[in-house]
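The primary structure of each chain is shown beneath.
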Amino acid sequence: MIPFSPPRIDKHIIEEVKDTLLSGWITTGPKTKQFEKLITGYCGHRKTLCVSSATAGLELILRWFGVGPGDEVIVPAYTYCATANVVIHSGAKPVMVDVGDDFTISPSAIQKAVTHRTKVIIPVDIGGYPADYDQIFKIVNIKEIKEKFCPANNVQKELGRILVLSDAAHSLGASYKGNKTGTLSDITIFSFHAVKNLTTSEGGAICLNLSDNFDCDKIYNELAVKSLHGQTKDAYSKLKGGNWRYDVKEAGYKSNMTDLQAAIGLVEIKRYENDMLQKRKHIFYKYYNALKNKEWVILPPAENHFRESSFHVFLLRIKHITESQRDEIIQKVYDDGASLNVHFIPLPMLSFYKKNNYDIKDFPKSYELYSNEISLPIYYDLTDENIDFIINSLIKNTENILKG
Ligand SMILES: Cc1ncc(COP(=O)(O)O)c(C=O)c1O
């Protein structure tokens, strides 16, 4: 069976993890700090804090920005549940909007959804393709929209507008007008979950790129404290002689990254641009070229004159099929020996969100994209033979189903 997204575990990763195990320090420490510096250097934003997951990172930022009951956060209906669940955790309301043909949040739908309660917009770079950040920033900076913004604390006052918080769980290394994700919004969150482009088994990063009137070193320290119970010192700095006394400034969270996780990330980030991303692009274009002349294919967005994907998954769509025919194709390819997937079931189709009065009928584009979408795998160890096998099985089964 060809799996959907196994991690790349090789001798370099095993050696670095072993080195950490033998170092006597396995939780947050020097490797996490080094990994943070490499992420900052690679993407070019101002400061990085590594955390235990992207979900934890999104949630920490909502708390830091002071989002709570009575506030609204605009999210796309077409995303993974983490994007909206964190808004629920904060006590605010996720205001869902539809997406465009490229799977990313629709700027015109955002503009219509803004109210005086809106505090944050969370665009999602689905499949690795960046949202339209210029359009999103144009909207948050429109005079009437800025006037609607009601700051409730000093951070919100200092920003003076809606915060743009990217869910870049899929898009490390993607770019928009030559700038890498991390630099495309106020704050960007990456995921290093096991199936992501760069993994630390579980993990995430908060990338600060706020304007110069914000002291990102100070915010980094605040977030680090928030991610560790509100405690003023982490275990590593407490170790240093005579440095044991600490205080707790707030009832913080427990979402720090460990050095064991960072050890995997250190190996991955060093070979990310020239090895991992190139391999992903190669796989993406093998699918692309094999399928582009099929009249039943809708190809995924990948590159245009100003956006380039990080090639996280291949979001194929098939014309003229129903949801159940799509499911049947996935099953038939699985029976042949390869796992495919769907990214994602739109949130308004999931029980929790249905119960909370979100209705997929209000998000026709999300439904249209979802109903005929099939995600093809992209990962480092996928061989050319595997790719050919997937393509042949997909074409055979799709054409059989289309013939009826
Ligand atoms: C779009 C999106 N956002 C957020 C997340 C959450 O990432 P993590 O598992 O690191 O919390 C995921 C994970 O699959 C995702 O796909």
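Residues numbered from 1 in each chain as written. Predicted model: local features only at pLDDT ≥ 70, side-chain atom pairs only at ≥ 80, totals over all residues.

1. Notes on the sheet that holds strand 11 (residues 307-308)
Stage number 1. Read across the sheet, three strands follow the order 7-6-11 without closing on themselves; strand pairing throughout is antiparallel. Every interior strand has two partners, whereas the edge strands, strand 7 (179-180) and strand 11, have only one.
Stage number 2. Pairing of strand 6 (residues 175-176) with strand 7 involves two bridges; the strand directions are antiparallel. Within strand 7, the residue paired with Tyr 176 across the bridge is Asn 179. (Pairing = 2+ DSSP bridges. Helix = DSSP H or I, 4+ residues; strand = E, 2+ residues; numbered from the N terminus.)

2. Examining helix 2 (residues 30-43)
The α-helix winds at 3.6 residues per turn, so residues separated by three or four positions along the chain end up facing the same way.
Stage number 1. An ideal rise of 1.5 Å per residue puts 20 Å on 14 residues; helix 2 measures up with 20 Å between its terminal C-alpha atoms.
Stage number 2. Those residues of helix 2 that fall on the buried side of the exposure criterion are Lys 31, Thr 32, Phe 35, Glu 36, Ile 39 and Cys 43. Taken around the axis of helix 2, the buried residues stretch over an arc of 140 degrees, which confines them to a single face. When the buried face of helix 2 is taken as reference, the exposed residues oriented beyond 90 degrees from it are Lys 37 and Gly 41.
Stage number 3. Those residues of helix 2 that are buried lie in contact with helix 1 (11-23), strand 1 (47-51), strand 7, strand 9 (204-208) and helix 11 (259-270). (Expected span 1.5 Å × (residues − 1). Buried ≥ 20, exposed ≤ 12 C-beta atoms within 10 Å, placed from the backbone. Arc of directions from axis to C-beta. Contact = placed C-beta atoms within 7 Å.)

3. Examining the site of the ligand
Stage number 1. The environment of the ligand is made up of 14 residues, and the closest members are Ser 53, Ala 54, Thr 55, Ala 169 and Ser 191.
Stage number 2. Those elements giving two or more residues to the shell around the ligand turn out to be helix 3 (54-64) and helix 4 (82-90).
Stage number 3. Here the residues of the shell around the ligand are counted per class, giving five nonpolar, eight polar and one charged. (Near = placed C-beta within 6 Å. Nonpolar A, V, L, I, M, F, W, Y, C, P; charged D, E, K, R; others polar.)

4. Let's talk about the environment of Leu 277
Stage number 1. Along the chain, Leu 277 turns up in helix 12 (residues 272-291).
Stage number 2. For Leu 277 and Val 225, which are 52 residues apart along the polypeptide, the C-alpha to C-alpha distance reads 33 Å.
Stage number 3. Beyond its immediate stretch of four places on either side in the chain, Leu 277 contacts Gly 173, Tyr 272 and Ser 310.

5. Side note on the nonpolar core
Stage number 1. Counting 107 residues, the largest nonpolar core has Val 73, Val 120, Ile 121, Phe 190 and Ile 206 as the members making the most contacts within it.
Stage number 2. Looking at which element gives the most residues to this core, the answer is helix 12, with seven residues.
Stage number 3. Look past the residues within four positions of Val 73 in its chain and what remains in contact with it is Val 67, Val 87, Ala 92, Pro 94, Val 95, Lys 119, Val 120 and Ile 122. (Core = buried A, V, L, I, M, F, W, Y, C linked by C-beta atoms within 7 Å.)

6. A closer look at the pairing of strand 9
Stage number 1. With five of five residues buried, strand 9 lies mostly within the body of the structure.
Stage number 2. Both strand 1 and strand 9 contribute to a ladder of five bridges, which runs antiparallel. In the strand pairing of strand 9, Cys 50 is matched with Ala 205.
Stage number 3. Of the strand pairs in this sheet, strand 8 (residues 187-191) and strand 9 are connected by five bridges, and their pairing is antiparallel. Bridge pairing in strand 9 places Ile 189 opposite Ile 206.

7. What about the sheet that holds strand 12 (residues 314-318)?
Stage number 1. An order of 10-12-13 is seen for the three strands of this open sheet, with the pairing classed as antiparallel. Looking at which strands have only one partner, the edges of the open sheet turn out to be strand 10 (297-298) and strand 13 (373-376).
Stage number 2. Sheet topology note: the strand 10/strand 12 ladder contains two bridges and is antiparallel. For Val 297, the partnering residue across the bridge sits in strand 12 and is Ile 318.

8. Points about the domain arrangement of the protein chain
Stage number 1. Taken as a whole, the protein chain is organised into domain 1 (11-270) and domain 2 (272-403).
Stage number 2. When each unit is reduced to the centre of its C-alpha atoms, the spacing between domain 1 and domain 2 is 27 Å.
Stage number 3. With 30 residues of domain 1 at the interface, the matching set in domain 2 holds 29 residues.
Stage number 4. Residue assignment for the side of domain 1 that touches domain 2 shows that the elements contributing at least two residues are strand 6 and helix 11.
Stage number 5. In terms of residue class, the side of domain 1 that touches domain 2 is made up of 17 nonpolar, nine polar and four charged. (Domains from an automatic or database assignment.)

9. Observations regarding the pairing of strand 4 (residues 118-121)
Stage number 1. Taken together, the three bridges between strand 2 (residues 72-76) and strand 4 define a ladder with parallel strand orientation. When the sheet's bridge partners are listed, Ile 74 is paired in strand 4 with Ile 121.

10. Focus on the environment of Ile 39
Stage number 1. Checked against the element boundaries, Ile 39 lands in helix 2.
Stage number 2. By the C-beta count within 10 Å, which is 24 here, Ile 39 ends up buried.
Stage number 3. Considering only alpha carbons, one finds Ile 39 and Asp 384, 345 residues apart in sequence, at a separation of 30 Å.
Stage number 4. Among residues more than four places away in sequence, those in contact with Ile 39 are Thr 48, Ala 205 and Ile 269.

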